[in-house]
Amino acid sequence: MGLQRQEVEKVAKLSRITLAPGEAEQLADQLSRVLDYIGKLNELKTDDVAPLSHALAVANVFRDDEPRESLPVETVLANAPSRTAAGFKVPRVLEGDED
Amino acid sequence: MTDRTVKMIVGLEVHVQLKTRTKLFCGCQTSFGDEPNSHCCPVCLGLPGVLPVMNREAYRLSVMAALALHCTVAPHTKWDRKHYYYPDLPKNYQISQYDLPLGSDGYLEIETEAGRKKIRILRAHLEEDAGKLLHAEHGDYSEVDLNRTGTPLLEIVSQPDLATVEEVRAYCMSLRQIVTYLGVSEANMQMGHMRFEPNINLHITENGEKHATPIVELKNLNSFRAVERGVAYEERRQLAEWDETHSRMKAGTKTTRGFNDSTGETFVQREKEEANDYRYFPEPDLVVVEPKPEWIDELQRGLPELPLEKKNRFVTAYGLSEYDAGVLTATIEMARYFERVAELSAAPKPAANWVTQGLTREINTRGLSIESAADFPVTAERLAELVKAVEQGTISKTIGDTVLSEMIDGKNSAAEIIAAKGLAQVSDTAALERMVDEALAANPGPVADYRAGKKQALGRLMGAIMKASGGKANPKVVSGILEQKLHQ
Ligand SMILES: [Zn+2]
């Protein structure tokens, strides 16, 4: 399964990863081989196998709607690279930029 | 001028915040207006190595809403990661449901001037909310508050079955009514508990040829008024754009626009070309949910009577008009209040009139509401006593209005006010005969008119007697005596 450089660049962009020059070609080659390897699974006959959406054969794990203590604000903000008095500080986001 | 018809096509995505105490995947409290970032933990902060655990109540409320919307509840459902980068989304993905929503293929019946109409529901799924961005007035930065992160939302997606602004409005209001009847959401609009995203385009037939304009999605409208104005604006704008450019819909594409509340206009939102490439994949940290059929049946049986059913019953069981039944079922609190008054007074129709007219007028002038029951002065028990007093002829309707007004402002019951002020209606024949005699003696003009054949003079004599009695004379008894004496 040949992955093109453009596809790698697109995935990199979506993932906010900056690639060094030449890296896209290198990754296209490596990822193609990974995909080929995983692609072997397609050789299996799965017509009679129900689709699986989770590796664990467990269902219905819930918690009760009971409040638990949250972290102190200072702890919440402790790892923030940049902060204000009570919030995380991020570069200004323009109105209408939203997803 | 060409010969053409224009039809608007609208589908709606609505996010409803569920009424849970805690967030969807952690024990942090859901909150509004609290100190920023004071309801956060490693799970909702998206710190590495944490595990989300599904809130049972959020799932139960979602299934209740899905059932009330006549959806099929999936026997097997799962959650997926939807990836995008935005500062209010700490994990860089939102846990949502992609291909196996918990509810699908339902409908919501709306009422418009033109009658009832079924709007098909495509799907209903449970997902988490993002945080909030606060834009600093000065300085080149924004602040992130993650209190809202992880709050459970039910997203309800309709089919494009809405054709007018009126239908869109009816759909939004009806949805709000249903979720509040069910108690699955407080649906407080000021707190942003409901957010609407209409998808709009036009089908234009020109000289026998059909065209569709490009689909526009309006983002994040949070009031009924904004939805109405936004959709109405798009209808006009798309038609004008069609006239100018004749640009047509491209399959699978839509433009995103925002709505400016102060200008009433929509505007293009800058969009990254790959914005809709969310790279969904199954959430490995959550296991599947497979509700037992018996549990779904139990929820189905436990569903309360829904607004339209209630309205129908009010019309058939109590003989109310469609209009009154609509007013009395507008909110669940109003409906409960009315039914209690109807039951206690054993006079449903007069009870309906008292609630929709006298009571509504009095509480509106005082800025009170039946919905905020805690500080509402006239309990159903107290109003029922008044309705009974009027129905049994203890007091007249007019005196009833006075008593109601006093009941709202004071603490006394109808009986106490009637007794203390001597307001009980006079039906004692001897006393009324005396009043009639006095009135006849004091009003020779109208008496002569009446005897000369001017029957309307009777009204003036009645008025004089009622006035003299301070409104307490029983009008039925008085008019009998009056006519009898005039014909002597
Ligand atoms: Zn949390």
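All residue numbers refer to positions counted from 1 along the written sequence of the respective chain. The lettering of chains begins at A and the numbering of ligands begins at 1, in the order of writing. Per-residue local features of the predicted model are confined to residues with pLDDT of at least 70, and side-chain atom pairs are confined, for both listing and counting, to 80 or more; whole-chain, interface and lining totals are unaffected and use all residues. The side-chain values count all of the structure's non-hydrogen atoms but skip hydrogen atoms and water molecules.

Caption draft 1: Highlighting the overall build of chain A. Helix numbers and strand numbers start at the N terminus; a helix is a DSSP run of H or I with at least 4 residues, a strand a run of E with at least 2. If you tally the helices and strands in chain A, you get three helices and two strands. The C-alpha atoms of chain A give a radius of gyration of 22 Å, which is well past the 13 Å a tight globule of 99 residues would have. The C-alpha extent of chain A, read off along each of the three principal axes, is 55 × 45 × 25 Å. By residue count, 24% of the 99 residues in chain A fall in the buried class. Throughout, a residue-residue contact means that at least one pair of heavy atoms, one from each residue, lies within 4.5 Å. Intrachain contacts of chain A at a sequence separation of at least 6 include 27% that bridge at least 24 residues. Each accessible area is a Shrake-Rupley result for a 1.4 Å probe, and residues are judged covered by the shown protein chains and nothing else. Just so you have it, chain A exposes about 7,600 Å², and 55% of that area is on carbon and sulfur atoms. Positive and negative side-chain charges in chain A, numbering 12 and 18 respectively, have mean positions lying 5 Å apart. Taken over C-alpha atoms, the radius of gyration is set against a globule rule of 2.2 Å times the number of residues to the power 0.38. Categorising residues by exposure relies on relative accessible area from a 1.4 Å probe, with only protein chains included: less than 20% of the type maximum marks a residue as buried, more than 50% marks it as exposed, and the intermediate range marks it as partly exposed. In this charge count, Lys and Arg are treated as positive and Asp and Glu as negative; neither His nor the chain ends contribute. A charged residue contributes its charge at one atom only: NZ of Lys, CZ of Arg, CG of Asp or CD of Glu.

Caption draft 2: Seen up close, the overall build of chain B. Each helix and strand in chain B was counted, giving 15 helices and 16 strands. By the compact-globule yardstick of 23 Å for 488 residues, chain B is too spread out, its C-alpha radius of gyration being 30 Å. Projected onto its principal axes, the C-alpha coordinates of chain B cover approximately 95 × 65 × 55 Å. Relative to its full complement of 488 residues, chain B shows a buried share of 50%. Taking all contacts inside chain B whose residues are at least 6 apart in sequence as the whole, residues at least 24 apart take part in 69%. Carbon and sulfur atoms make up 51% of the accessible area of chain B, which totals about 22,800 Å². Side-chain charges in chain B split into 58 positive and 69 negative, and the spacing between the mean points of these groups amounts to 5 Å.

Caption draft 3: Just the interface of chain B and chain A, in detail. Taken together, the contact between chain B and chain A spans 61 residues of the former and 38 residues of the latter. Summed over both partners, the accessible area lost on bringing two parts together, with a 1.4 Å probe, is the buried area. With both chains or domains summed, chain B and chain A bury close to 4,600 Å², and 53% of this area falls on carbon and sulfur atoms. If you sort the residues of chain B by the area they bury against chain A, Arg56, Tyr85 and Val287 of chain B come out on top, with a joint share of 13%. Within this document, salt bridges are pairs made up of a side-chain nitrogen of Lys or Arg and a carboxyl oxygen of Asp or Glu, the two lying within 4 Å of each other. On inspection of chain B and its partner chain A, the count reaches three salt bridges. Residue lysine 10 of chain A pairs with aspartate 277 of chain B through a salt bridge whose shortest N-O separation is 2.8 Å. By the criterion applied in these results, polar contacts are pairs of N or O atoms within 3.5 Å in which, for protein atoms, one can donate a hydrogen and the other can accept it, and in which residues neighboring in sequence qualify only through two side-chain atoms. Where chain B touches chain A, the interface holds 23 residue pairs in polar contact (both at pLDDT 80 or more). Broken down by secondary-structure element, the contributors of at least two residues to the side of chain B that touches chain A are strand E2 (54-55), helix H1 (56-68), strand E8 (132-135) and strand E9 (141-145) of chain B. Broken down by element, the side of chain B that touches chain A gets its largest block of residues, four residues, from E9 of chain B. Considering only residue class, the side of chain B that touches chain A consists of 29 nonpolar, 14 polar and 18 charged. Only Asp, Glu, Lys and Arg are considered charged, only Ala, Val, Leu, Ile, Met, Phe, Trp, Tyr, Cys and Pro nonpolar, and every remaining residue, Gly among them, polar.

Caption draft 4: Main features of the domain arrangement of chain B. An automatic or database domain assignment supplies the start and end points of every domain. Along its sequence, chain B is carved into domain 1 (4-295), domain 2 (305-421) and domain 3 (429-486). Between domain 2 of chain B and domain 3 of chain B, the C-alpha centre-to-centre distance is 33 Å.

Caption draft 5: Representation of the environment of threonine 379 of chain B within the structure. Along the chain, the position of threonine 379 of chain B falls in the loop between helix H8 (348-366) and helix H9 (380-391). Put simply, threonine 379 of chain B and methionine 191 of chain B are 188 residues apart on the chain and 28 Å apart in space, counted from C-alpha to C-alpha.

Caption draft 6: Spatial organisation of the side chain of glutamate 197 of chain B. All names here are of chain B. Here glutamate 197 shows up in strand E11 (residues 194-206). Within the local environment of glutamate 197, its side chain forms a polar contact with the backbone nitrogen of asparagine 220, the two atoms lying 3.4 Å apart. Sequence-distant contacts of glutamate 197, that is, excluding residues within four places in its chain, are made with Gly11, Leu12, Glu13, His15, Glu217, Leu218, Lys219 and Asn220.

Caption draft 7: Quick look at the coordination of the zinc ion. All names here are of chain B. The donor set covers N, O and S atoms within 2.8 Å of the metal, switching to 3.2 Å for Na, K and Ca, and it leaves out water, so a site may look short of donors. All of the protein donors around the zinc ion are Cys26 (SG), Cys28 (SG), Cys41 (SG) and Cys44 (SG); their distances to the metal are 2.2 to 2.4 Å. Geometry at the zinc ion is tetrahedral, judged from the four donor atoms that bind it and their angles of 99 to 116° at the metal. In primary sequence terms, the donor set of the zinc ion follows C-x1-C-x12-C-x2-C. Of this pair, cysteine 26 sits in the loop between strand E1 (4-17) and E2 while cysteine 41 is found in the loop between E1 and E2, placing the two residues 15 residues apart along the sequence. For the pair cysteine 26 and cysteine 41, a shared accessibility class is recorded, and that class is buried. Between 85 and 135 degrees for all angles marks four donors as tetrahedral; over 155 degrees for opposite donors together with 65 to 115 for all other angles marks four donors as square planar and six as octahedral; every other arrangement is irregular.

Caption draft 8: Broad picture of the pattern of salt bridges. All names here are of chain B. Under the definition given, this model contains 41 salt bridges over all chains. Between arginine 4 and glutamate 206 there is a salt bridge, with its nearest N and O atoms 3.2 Å apart. In this pair, arginine 4 is assigned in strand E1 and glutamate 206 in strand E11, connecting sequence segments 202 residues apart. Looking at arginine 4, the relative accessible area reads 22%, which means it is partly exposed. Judged by its relative accessible area of 12%, glutamate 206 falls in the buried class. Here glutamate 322 ties to lysine 311 by a salt bridge, and the two come within 3.4 Å at their closest N and O atoms. Of the two residues, glutamate 322 is situated in helix H6 (residues 322-328) and lysine 311 in helix H5 (residues 307-318); the sequence distance between them amounts to 11 residues. Overlapping salt bridges bring together Glu111, Arg116, Lys311 and Glu322 as one network.

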